[in-house]
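Structural features, examined
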Amino acid sequence: MNHRIVVLGAGYAGLGAAKRAAHAAGRDARVTLVNASDRFVERVRLHQFAVGQKPADLPLAGLLAGTGVDLVVARAAGLDLDARTVRLDGAADLGYDTLVYALGSTADLDVVPGAREHALTVAGAADAGSLRDRLPGLASVTVIGGGLTGIESATELAEARPGLRVALVTAGSLGAGLGPRARRYLHRTFERMGVAVHENAPVAKIAADGLTLEDGRYLPADAVVWAAGFRAPSLAANAGLDVDERGRVRVDGTLRARSHPDVIAVGDAAVLPVRGRPARMSCQIGLPMGLHGGTAAAALAQGREPRPARLRYVGQCLSLGRHDALVQFSRADDTPIDRAVLTGRAAARVKEAVVRGTVFAMRHPEAVAGFCRARR
Ligand SMILES: Cc1cc2nc3c(=O)[nH]c(=O)nc-3n(C[C@H](O)[C@H](O)[C@H](O)COP(=O)(O)OP(=O)(O)OC[C@H]3O[C@@H](n4cnc5c(N)ncnc54)[C@H](O)[C@@H]3O)c2cc1C
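What counts, and where the lines are drawn
- Throughout, residues of each chain are indexed from 1 in the direction in which the sequence is written.
- This being a predicted model, a pLDDT of at least 70 is required before a residue's local features are given, and a value of 80 or more before pairs of side-chain atoms are given or counted; all residues contribute to the totals for chains, interfaces and linings.
- Side-chain calculation: all heavy atoms of the structure are included, whereas hydrogens and water are not.
- Two aromatic rings, drawn from Phe, Tyr or Trp (for Trp, its six-membered ring), form a pair once their centres lie within 6.5 Å of each other, and the interplanar angle then sorts them: stacked below 30 degrees, edge-to-face above 60, tilted otherwise.
- Helix numbering and strand numbering both begin at the N terminus, where a helix is a DSSP run of H or I of at least 4 residues and a strand a DSSP run of E of at least 2.
- Salt-bridge detection follows one rule: a side-chain nitrogen of Lys or Arg within 4 Å of a carboxyl oxygen of Asp or Glu.
- To sort residues, take the accessible area from a 1.4 Å probe on protein chains only and compare it with the maximum for the residue type: under 20% means buried, over 50% means exposed, and anything in between is partly exposed.
- Either an automatic procedure or a domain database provided the assignment from which the domain bounds are taken.
- Should any heavy atoms of two residues lie within 4.5 Å, those residues are counted as being in contact.
- When two components associate, each loses some accessible surface as probed by a 1.4 Å sphere; the sum of these losses over both components is called the buried area.
- For the purposes of these results, a polar contact is taken to be a pair of N or O atoms within 3.5 Å, where, inside protein, one atom must be able to donate a hydrogen and its partner to accept one; residues adjacent in sequence count only when each atom of the pair is a side-chain atom.
- By the convention used here, strands pair only if DSSP detects at least 2 bridges between them.
- In this analysis an axis means a line fitted to C-alpha atoms, helices contributing only their contacting stretch, and an angle means the value between N-to-C directions, from 0 to 180 degrees.
- A molecule or strand has a residue near it when one of that residue's heavy atoms lies within 4 Å.
- For accessible areas, the Shrake-Rupley method is used with a probe of radius 1.4 Å. Any residue's cover is judged against the shown protein chains and nothing else.

Structural notes on the packing of aromatic side chains
Per the counting criterion, the structure on display carries one aromatic pair. Look at Y12 and F40: their rings are 5.2 Å apart centre to centre, the planes differ by 85°, and that puts the pair in the edge-to-face class. Note that Y12 is positioned in helix α1 (residues 12-25) and F40 in the loop between β2 (29-35) and α2 (46-50), a separation of 28 residues in sequence.

Next comes the structure, spelled out in C-alpha coordinates:
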(Lines give C-alpha, C1' and ligand atoms only; values in the text may rest on other atoms or scores of the structure.)
Protein backbone atom coordinates (compact mmCIF):
# COMPACT_ATOMS: atom_id res chain seq x y z
CA MET A 1 0.00 0.00 0.00
CA ASN A 2 2.61 2.54 -1.10
CA HIS A 3 0.57 4.75 -3.39
CA ARG A 4 -0.88 7.80 -1.62
CA ILE A 5 -4.13 9.22 -3.05
CA VAL A 6 -5.12 12.54 -1.50
CA VAL A 7 -8.59 13.91 -2.30
CA LEU A 8 -9.18 17.63 -1.61
CA GLY A 9 -12.83 18.52 -0.94
CA ALA A 10 -15.65 16.29 0.32
CA GLY A 11 -18.53 17.61 -1.77
CA TYR A 12 -20.53 15.55 -4.27
CA ALA A 13 -17.46 15.04 -6.46
CA GLY A 14 -14.73 14.58 -3.84
CA LEU A 15 -16.59 12.33 -1.41
CA GLY A 16 -17.66 10.03 -4.25
CA ALA A 17 -14.12 10.05 -5.65
CA ALA A 18 -12.53 9.13 -2.30
CA LYS A 19 -14.92 6.24 -1.60
CA ARG A 20 -14.69 4.95 -5.16
CA ALA A 21 -10.86 5.16 -5.17
CA ALA A 22 -10.60 3.27 -1.86
CA HIS A 23 -12.95 0.54 -3.13
CA ALA A 24 -11.31 0.18 -6.56
CA ALA A 25 -7.69 0.40 -5.39
CA GLY A 26 -8.14 -1.89 -2.38
CA ARG A 27 -4.77 -2.62 -0.79
CA ASP A 28 -2.88 -0.85 -3.60
CA ALA A 29 -3.44 2.66 -2.20
CA ARG A 30 -4.04 4.62 0.93
CA VAL A 31 -6.76 7.24 0.44
CA THR A 32 -6.90 10.46 2.49
CA LEU A 33 -9.81 12.89 2.17
CA VAL A 34 -9.28 16.52 3.24
CA ASN A 35 -12.25 18.80 3.89
CA ALA A 36 -12.66 22.18 5.56
CA SER A 37 -15.59 20.92 7.65
CA ASP A 38 -16.42 17.60 9.31
CA ARG A 39 -19.91 17.65 7.73
CA PHE A 40 -21.13 16.86 4.22
CA VAL A 41 -23.00 19.92 2.93
CA GLU A 42 -26.01 19.26 0.71
CA ARG A 43 -25.22 22.26 -1.43
CA VAL A 44 -28.22 21.76 -3.73
CA ARG A 45 -30.46 22.52 -0.73
CA LEU A 46 -28.74 25.73 0.42
CA HIS A 47 -31.59 27.95 -0.87
CA GLN A 48 -33.87 25.95 1.44
CA PHE A 49 -31.47 26.40 4.34
CA ALA A 50 -31.38 30.16 3.61
CA VAL A 51 -35.11 30.48 4.28
CA GLY A 52 -34.90 28.60 7.58
CA GLN A 53 -35.38 24.92 6.66
CA LYS A 54 -33.14 22.59 8.66
CA PRO A 55 -30.37 20.84 6.71
CA ALA A 56 -29.81 17.13 7.39
CA ASP A 57 -26.84 16.51 9.67
CA LEU A 58 -24.43 14.35 7.67
CA PRO A 59 -21.10 13.79 9.51
CA LEU A 60 -18.39 12.76 7.07
CA ALA A 61 -17.11 10.21 9.61
CA GLY A 62 -20.43 8.35 9.29
CA LEU A 63 -20.44 8.52 5.47
CA LEU A 64 -16.90 7.13 5.41
CA ALA A 65 -17.36 4.41 8.04
CA GLY A 66 -15.95 1.07 6.88
CA THR A 67 -14.41 2.46 3.67
CA GLY A 68 -10.81 2.71 4.86
CA VAL A 69 -10.64 6.37 3.78
CA ASP A 70 -8.74 8.57 6.29
CA LEU A 71 -10.47 11.90 6.95
CA VAL A 72 -8.47 15.06 7.71
CA VAL A 73 -10.58 18.05 8.70
CA ALA A 74 -8.48 21.03 7.65
CA ARG A 75 -8.40 23.79 5.06
CA ALA A 76 -6.04 23.24 2.11
CA ALA A 77 -3.97 26.41 1.88
CA GLY A 78 -1.50 25.65 -0.90
CA LEU A 79 -0.15 23.06 -3.33
CA ASP A 80 3.45 22.30 -4.26
CA LEU A 81 3.10 20.39 -7.50
CA ASP A 82 6.83 19.64 -7.82
CA ALA A 83 7.24 18.32 -4.27
CA ARG A 84 3.75 16.73 -4.48
CA THR A 85 2.58 18.12 -1.17
CA VAL A 86 -0.54 19.88 0.06
CA ARG A 87 -0.13 22.62 2.69
CA LEU A 88 -2.89 22.49 5.29
CA ASP A 89 -4.06 25.11 7.79
CA GLY A 90 -4.12 23.51 11.22
CA ALA A 91 -2.60 20.15 10.21
CA ALA A 92 0.70 18.76 8.96
CA ASP A 93 1.49 18.94 5.22
CA LEU A 94 0.34 15.92 3.22
CA GLY A 95 2.38 14.21 0.54
CA TYR A 96 0.66 12.48 -2.40
CA ASP A 97 1.37 10.36 -5.43
CA THR A 98 -2.01 11.13 -7.01
CA LEU A 99 -4.01 14.21 -6.08
CA VAL A 100 -7.76 14.45 -6.70
CA TYR A 101 -8.69 18.14 -6.75
CA ALA A 102 -12.40 18.61 -5.87
CA LEU A 103 -12.67 21.95 -4.07
CA GLY A 104 -15.96 22.96 -5.75
CA SER A 105 -16.84 26.59 -6.38
CA THR A 106 -17.83 29.82 -4.66
CA ALA A 107 -19.88 32.84 -5.74
CA ASP A 108 -17.89 35.02 -8.12
CA LEU A 109 -18.19 38.35 -6.29
CA ASP A 110 -15.62 40.32 -8.26
CA VAL A 111 -17.53 40.84 -11.50
CA VAL A 112 -19.68 43.76 -10.33
CA PRO A 113 -18.51 46.60 -8.05
CA GLY A 114 -20.02 46.41 -4.59
CA ALA A 115 -20.92 42.71 -4.77
CA ARG A 116 -18.15 41.61 -2.42
CA GLU A 117 -19.04 44.29 0.16
CA HIS A 118 -22.83 44.17 0.01
CA ALA A 119 -24.23 41.03 -1.65
CA LEU A 120 -25.35 37.89 0.14
CA THR A 121 -25.12 34.48 -1.55
CA VAL A 122 -26.33 30.90 -1.20
CA ALA A 123 -23.10 29.39 -2.55
CA GLY A 124 -21.87 27.93 0.75
CA ALA A 125 -23.38 26.89 4.08
CA ALA A 126 -22.02 29.93 5.94
CA ASP A 127 -23.27 32.31 3.22
CA ALA A 128 -26.75 30.77 3.26
CA GLY A 129 -26.70 31.00 7.08
CA SER A 130 -25.99 34.77 6.87
CA LEU A 131 -29.01 35.26 4.58
CA ARG A 132 -31.20 33.19 6.92
CA ASP A 133 -30.11 35.32 9.91
CA ARG A 134 -30.86 38.60 8.13
CA LEU A 135 -34.21 37.56 6.62
CA PRO A 136 -36.50 38.42 9.58
CA GLY A 137 -35.49 42.11 9.36
CA LEU A 138 -35.98 42.46 5.59
CA ALA A 139 -38.95 43.87 3.65
CA SER A 140 -37.46 43.34 0.17
CA VAL A 141 -34.83 41.10 -1.47
CA THR A 142 -33.52 41.22 -5.03
CA VAL A 143 -31.88 38.10 -6.43
CA ILE A 144 -29.38 38.63 -9.25
CA GLY A 145 -29.14 35.74 -11.71
CA GLY A 146 -31.66 34.13 -14.06
CA GLY A 147 -30.08 30.67 -13.95
CA LEU A 148 -30.99 27.70 -11.80
CA THR A 149 -29.64 29.01 -8.49
CA GLY A 150 -31.28 32.42 -8.92
CA ILE A 151 -34.62 30.89 -9.87
CA GLU A 152 -34.59 28.39 -6.99
CA SER A 153 -33.57 31.10 -4.50
CA ALA A 154 -36.16 33.70 -5.59
CA THR A 155 -39.08 31.23 -5.55
CA GLU A 156 -38.02 29.70 -2.22
CA LEU A 157 -37.83 33.18 -0.64
CA ALA A 158 -41.21 34.23 -2.06
CA GLU A 159 -42.94 31.07 -0.84
CA ALA A 160 -41.35 30.96 2.61
CA ARG A 161 -41.85 34.70 3.36
CA PRO A 162 -45.21 35.76 1.89
CA GLY A 163 -44.83 39.40 3.11
CA LEU A 164 -41.38 39.80 1.52
CA ARG A 165 -41.09 41.74 -1.78
CA VAL A 166 -38.92 39.55 -4.01
CA ALA A 167 -37.47 40.58 -7.38
CA LEU A 168 -35.13 38.80 -9.80
CA VAL A 169 -32.75 40.67 -12.10
CA THR A 170 -30.91 38.98 -14.94
CA ALA A 171 -28.55 40.13 -17.67
CA GLY A 172 -30.22 37.74 -20.13
CA SER A 173 -33.57 35.99 -20.02
CA LEU A 174 -35.10 34.01 -17.16
CA GLY A 175 -34.07 30.34 -17.45
CA ALA A 176 -32.04 30.94 -20.60
CA GLY A 177 -30.85 27.30 -20.77
CA LEU A 178 -34.42 25.96 -20.83
CA GLY A 179 -36.80 25.46 -23.77
CA PRO A 180 -39.57 27.99 -24.64
CA ARG A 181 -42.32 25.91 -22.98
CA ALA A 182 -40.38 25.70 -19.69
CA ARG A 183 -39.59 29.42 -19.78
CA ARG A 184 -43.29 30.25 -20.25
CA TYR A 185 -44.08 28.13 -17.18
CA LEU A 186 -41.42 29.97 -15.19
CA HIS A 187 -42.91 33.36 -16.07
CA ARG A 188 -46.40 32.21 -15.03
CA THR A 189 -45.00 30.85 -11.75
CA PHE A 190 -43.10 34.04 -10.95
CA GLU A 191 -46.27 36.05 -11.62
CA ARG A 192 -48.32 33.75 -9.37
CA MET A 193 -45.73 34.10 -6.60
CA GLY A 194 -45.55 37.89 -7.00
CA VAL A 195 -41.84 37.88 -7.93
CA ALA A 196 -40.97 40.83 -10.21
CA VAL A 197 -38.68 39.84 -13.10
CA HIS A 198 -36.25 42.26 -14.78
CA GLU A 199 -34.80 40.57 -17.89
CA ASN A 200 -31.98 41.87 -20.12
CA ALA A 201 -30.98 44.10 -17.23
CA PRO A 202 -27.22 43.82 -16.55
CA VAL A 203 -26.22 45.11 -13.11
CA ALA A 204 -23.59 47.89 -12.95
CA LYS A 205 -23.20 48.35 -9.18
CA ILE A 206 -24.45 46.95 -5.89
CA ALA A 207 -24.89 49.10 -2.77
CA ALA A 208 -26.12 48.47 0.79
CA ASP A 209 -29.64 49.60 -0.14
CA GLY A 210 -30.10 48.30 -3.69
CA LEU A 211 -28.49 48.09 -7.09
CA THR A 212 -27.95 50.18 -10.21
CA LEU A 213 -28.50 48.71 -13.66
CA GLU A 214 -26.26 49.45 -16.62
CA ASP A 215 -29.06 51.55 -18.17
CA GLY A 216 -28.92 53.83 -15.09
CA ARG A 217 -32.08 52.60 -13.35
CA TYR A 218 -31.80 52.22 -9.59
CA LEU A 219 -33.67 49.32 -7.92
CA PRO A 220 -33.91 49.67 -4.13
CA ALA A 221 -33.71 46.48 -2.01
CA ASP A 222 -33.04 45.77 1.66
CA ALA A 223 -30.76 42.92 0.57
CA VAL A 224 -29.25 41.70 -2.69
CA VAL A 225 -28.51 37.99 -3.28
CA TRP A 226 -25.81 37.28 -5.86
CA ALA A 227 -26.54 34.11 -7.88
CA ALA A 228 -25.16 35.21 -11.23
CA GLY A 229 -21.87 33.40 -11.41
CA PHE A 230 -19.58 30.94 -9.69
CA ARG A 231 -15.85 30.36 -9.87
CA ALA A 232 -13.44 27.72 -8.60
CA PRO A 233 -11.02 28.48 -5.72
CA SER A 234 -7.68 30.08 -6.63
CA LEU A 235 -5.54 27.27 -5.16
CA ALA A 236 -5.09 25.50 -8.51
CA ALA A 237 -4.17 28.64 -10.44
CA ASN A 238 -1.80 29.80 -7.67
CA ALA A 239 0.00 26.45 -7.81
CA GLY A 240 0.52 26.67 -11.58
CA LEU A 241 -2.13 24.25 -12.83
CA ASP A 242 -3.58 25.15 -16.23
CA VAL A 243 -7.02 26.69 -15.50
CA ASP A 244 -9.77 28.43 -17.48
CA GLU A 245 -11.07 31.98 -16.87
CA ARG A 246 -13.21 30.71 -13.96
CA GLY A 247 -10.30 29.03 -12.19
CA ARG A 248 -11.34 25.49 -13.23
CA VAL A 249 -8.59 22.96 -13.90
CA ARG A 250 -8.49 21.96 -17.56
CA VAL A 251 -8.59 18.17 -17.73
CA ASP A 252 -8.30 15.59 -20.49
CA GLY A 253 -10.93 12.94 -21.21
CA THR A 254 -9.69 10.75 -18.36
CA LEU A 255 -9.98 13.77 -15.96
CA ARG A 256 -6.21 14.18 -15.53
CA ALA A 257 -5.03 17.80 -15.40
CA ARG A 258 -3.67 18.76 -18.81
CA SER A 259 -0.64 20.45 -17.26
CA HIS A 260 0.00 17.89 -14.47
CA PRO A 261 -1.10 14.29 -15.17
CA ASP A 262 -0.61 13.20 -11.55
CA VAL A 263 -3.51 15.52 -10.64
CA ILE A 264 -7.10 14.49 -11.34
CA ALA A 265 -9.70 17.27 -11.12
CA VAL A 266 -13.44 16.72 -10.74
CA GLY A 267 -16.70 18.58 -10.07
CA ASP A 268 -17.11 22.36 -10.24
CA ALA A 269 -13.34 22.80 -9.94
CA ALA A 270 -12.66 21.05 -13.27
CA VAL A 271 -13.57 21.76 -16.86
CA LEU A 272 -13.72 19.46 -19.85
CA PRO A 273 -15.94 19.40 -22.90
CA VAL A 274 -19.07 17.28 -22.37
CA ARG A 275 -20.54 16.40 -25.76
CA GLY A 276 -18.76 19.36 -27.33
CA ARG A 277 -19.50 22.07 -24.72
CA PRO A 278 -17.56 23.05 -21.57
CA ALA A 279 -19.10 21.18 -18.63
CA ARG A 280 -21.76 23.14 -16.73
CA MET A 281 -21.02 23.45 -12.98
CA SER A 282 -23.63 21.06 -11.61
CA CYS A 283 -24.17 18.13 -9.35
CA GLN A 284 -25.46 16.27 -12.38
CA ILE A 285 -22.00 16.27 -13.98
CA GLY A 286 -19.91 16.66 -10.79
CA LEU A 287 -21.19 13.49 -9.16
CA PRO A 288 -20.40 11.05 -12.03
CA MET A 289 -17.17 12.97 -12.62
CA GLY A 290 -16.19 12.27 -9.00
CA LEU A 291 -16.89 8.56 -9.35
CA HIS A 292 -14.89 8.39 -12.55
CA GLY A 293 -12.09 10.43 -10.94
CA GLY A 294 -11.93 7.89 -8.11
CA THR A 295 -11.69 5.04 -10.60
CA ALA A 296 -8.97 6.92 -12.51
CA ALA A 297 -6.98 7.52 -9.30
CA ALA A 298 -7.20 3.81 -8.46
CA ALA A 299 -6.00 2.92 -11.97
CA LEU A 300 -2.93 5.16 -11.52
CA ALA A 301 -2.24 3.53 -8.15
CA GLN A 302 -2.28 0.14 -9.89
CA GLY A 303 0.00 1.30 -12.71
CA ARG A 304 -2.76 1.30 -15.33
CA GLU A 305 -3.86 4.05 -17.75
CA PRO A 306 -7.24 5.50 -16.71
CA ARG A 307 -10.10 5.13 -19.17
CA PRO A 308 -11.90 8.14 -20.68
CA ALA A 309 -14.97 9.36 -18.77
CA ARG A 310 -18.28 9.14 -20.61
CA LEU A 311 -20.46 11.94 -19.32
CA ARG A 312 -23.84 13.15 -20.52
CA TYR A 313 -26.70 15.36 -19.39
CA VAL A 314 -30.21 14.15 -18.69
CA GLY A 315 -32.04 17.36 -17.88
CA GLN A 316 -32.45 20.21 -15.44
CA CYS A 317 -34.49 19.88 -12.29
CA LEU A 318 -35.52 23.16 -10.61
CA SER A 319 -37.47 23.58 -7.40
CA LEU A 320 -40.00 26.45 -7.41
CA GLY A 321 -40.67 26.47 -3.69
CA ARG A 322 -41.68 23.26 -1.92
CA HIS A 323 -44.85 22.43 -3.89
CA ASP A 324 -43.89 23.22 -7.47
CA ALA A 325 -40.92 22.42 -9.67
CA LEU A 326 -39.86 22.18 -13.27
CA VAL A 327 -38.08 19.25 -14.90
CA GLN A 328 -36.66 20.04 -18.32
CA PHE A 329 -35.40 16.92 -20.06
CA SER A 330 -32.47 17.46 -22.39
CA ARG A 331 -30.31 15.78 -24.97
CA ALA A 332 -26.93 14.37 -23.95
CA ASP A 333 -25.29 17.71 -24.85
CA ASP A 334 -27.56 19.70 -22.48
CA THR A 335 -29.79 21.20 -25.17
CA PRO A 336 -33.41 21.19 -23.95
CA ILE A 337 -36.09 19.05 -25.60
CA ASP A 338 -38.86 21.66 -25.73
CA ARG A 339 -41.89 19.42 -25.24
CA ALA A 340 -40.26 17.22 -22.59
CA VAL A 341 -41.19 19.27 -19.54
CA LEU A 342 -42.75 18.17 -16.27
CA THR A 343 -44.22 20.74 -13.88
CA GLY A 344 -46.27 21.11 -10.70
CA ARG A 345 -46.48 18.70 -7.79
CA ALA A 346 -45.34 15.70 -9.86
CA ALA A 347 -42.19 17.62 -10.78
CA ALA A 348 -41.70 18.64 -7.13
CA ARG A 349 -41.76 14.94 -6.18
CA VAL A 350 -39.23 14.10 -8.91
CA LYS A 351 -36.97 16.95 -7.77
CA GLU A 352 -37.09 15.79 -4.15
CA ALA A 353 -36.32 12.21 -5.24
CA VAL A 354 -33.34 13.43 -7.29
CA VAL A 355 -31.96 15.45 -4.37
CA ARG A 356 -32.37 12.49 -2.00
CA GLY A 357 -30.71 10.36 -4.68
CA THR A 358 -27.55 12.46 -4.43
CA VAL A 359 -27.24 11.63 -0.71
CA PHE A 360 -27.92 7.96 -1.51
CA ALA A 361 -25.06 8.17 -4.01
CA MET A 362 -22.78 9.61 -1.31
CA ARG A 363 -23.68 6.71 0.99
CA HIS A 364 -23.50 4.01 -1.70
CA PRO A 365 -21.27 5.19 -4.57
CA GLU A 366 -20.62 1.59 -5.60
CA ALA A 367 -24.31 1.05 -6.36
CA VAL A 368 -24.36 4.17 -8.54
CA ALA A 369 -21.07 3.34 -10.27
CA GLY A 370 -22.40 -0.18 -10.96
CA PHE A 371 -25.63 1.25 -12.39
CA CYS A 372 -23.63 3.59 -14.68
CA ARG A 373 -21.51 0.67 -15.91
CA ALA A 374 -24.61 -1.44 -16.57
CA ARG A 375 -26.29 1.41 -18.51
CA ARG A 376 -23.23 1.72 -20.76
C1 LIG B 1 -28.36 26.79 -3.94
C2 LIG B 1 -27.78 25.85 -4.96
C3 LIG B 1 -28.62 24.96 -5.64
C4 LIG B 1 -28.09 24.09 -6.58
N5 LIG B 1 -28.93 23.22 -7.22
C6 LIG B 1 -28.43 22.36 -8.13
C7 LIG B 1 -29.28 21.44 -8.79
O8 LIG B 1 -30.50 21.44 -8.59
N9 LIG B 1 -28.73 20.54 -9.67
C10 LIG B 1 -27.38 20.53 -9.93
O11 LIG B 1 -26.94 19.70 -10.73
N12 LIG B 1 -26.55 21.39 -9.31
C13 LIG B 1 -27.04 22.31 -8.42
N14 LIG B 1 -26.19 23.18 -7.79
C15 LIG B 1 -24.75 23.12 -8.08
C16 LIG B 1 -24.09 22.03 -7.24
O17 LIG B 1 -24.35 22.25 -5.89
C18 LIG B 1 -22.60 22.02 -7.49
O19 LIG B 1 -22.37 21.86 -8.86
C20 LIG B 1 -21.95 20.86 -6.71
O21 LIG B 1 -22.04 21.11 -5.33
C22 LIG B 1 -20.49 20.68 -7.13
O23 LIG B 1 -19.94 19.63 -6.38
P24 LIG B 1 -18.41 19.68 -5.96
O25 LIG B 1 -18.14 18.44 -5.18
O26 LIG B 1 -17.57 20.00 -7.13
O27 LIG B 1 -18.29 20.97 -4.99
P28 LIG B 1 -18.93 21.23 -3.57
O29 LIG B 1 -20.19 20.50 -3.38
O30 LIG B 1 -18.94 22.72 -3.43
O31 LIG B 1 -17.85 20.62 -2.55
C32 LIG B 1 -16.58 21.21 -2.38
C33 LIG B 1 -16.03 20.79 -1.03
O34 LIG B 1 -14.70 21.31 -0.90
C35 LIG B 1 -14.55 21.88 0.41
N36 LIG B 1 -13.53 22.92 0.32
C37 LIG B 1 -13.53 24.04 -0.43
N38 LIG B 1 -12.37 24.71 -0.28
C39 LIG B 1 -11.61 23.98 0.58
C40 LIG B 1 -10.28 24.10 1.09
N41 LIG B 1 -9.49 25.11 0.76
N42 LIG B 1 -9.83 23.14 1.92
C43 LIG B 1 -10.61 22.07 2.26
N44 LIG B 1 -11.85 21.90 1.81
C45 LIG B 1 -12.36 22.84 0.97
C46 LIG B 1 -15.93 22.44 0.72
O47 LIG B 1 -16.08 22.62 2.13
C48 LIG B 1 -16.83 21.34 0.15
O49 LIG B 1 -17.04 20.32 1.09
C50 LIG B 1 -26.70 24.08 -6.84
C51 LIG B 1 -25.85 24.97 -6.16
C52 LIG B 1 -26.38 25.85 -5.23
C53 LIG B 1 -25.45 26.80 -4.51
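On we go.
Focus on the pattern of salt bridges
On inspection of all chains with the given rule, the structure shows 20 salt bridges. Residue E42 is joined to R45 by a salt bridge in which the shortest nitrogen-to-oxygen separation is 3.1 Å. Exposure class is identical for E42 and R45. Each is buried. The partner of D268 in a salt bridge is R43, with the nearest N and O atoms 3.2 Å apart. Taken together, the positions of D268 in the loop between β18 (263-265) and β19 (270-271) and R43 in the loop between β2 and α2 put the pair 225 residues apart, joining distant regions of the chain.

Quick notes on the domain arrangement of the chain
Its domain assignment divides the chain into domain 1 (3-105 + 232-311) and domain 2 (115-226). Placing the centre of domain 1 and that of domain 2 at their C-alpha centroids yields a distance of 31 Å. Contact residues are listed per partner, giving twelve residues for domain 1 and 16 residues for domain 2. In this assembly, domain 1 packs against domain 2 so that about 1,000 Å² is buried in total across both faces, 66% of it on carbon and sulfur atoms. Among the residues domain 1 hides against domain 2, the three largest losses belong to H47, A50 and V51. Together they make up 51% of the total. Where domain 1 touches domain 2, the interface holds zero salt bridges. On inspection of domain 1 and its partner domain 2, the count reaches two residue pairs in polar contact (both at pLDDT 80 or more).

Regarding the sheet that holds strand β14 (residues 218-220)
Taken in spatial order, the three strands make up an open sheet running β12-β13-β14, and their pairing is antiparallel. Among the strands making up the open sheet, the edge pair consists of β12 (203-207) and β14. Ignoring which end each strand starts from, the neighbouring axes of this sheet average 20° apart.

Notes on the site of the ligand
Taken together, 27 residues surround the ligand, and among them A13, A76, D268, C283 and K351 come closest. Between A76 and the ligand, the recorded distance is 2.8 Å, taken from a backbone N or O atom to a nitrogen atom. Separating an oxygen atom of the ligand from a backbone N or O atom of S282 is a distance of 3.2 Å. When the free accessible area of the ligand is taken as 1,000 Å², the share hidden by the protein chains comes to 88%. Within the residue set of the shell around the ligand, elements represented by two or more residues are α1, β4 (75-80), α6 (148-160) and α9 (283-301).

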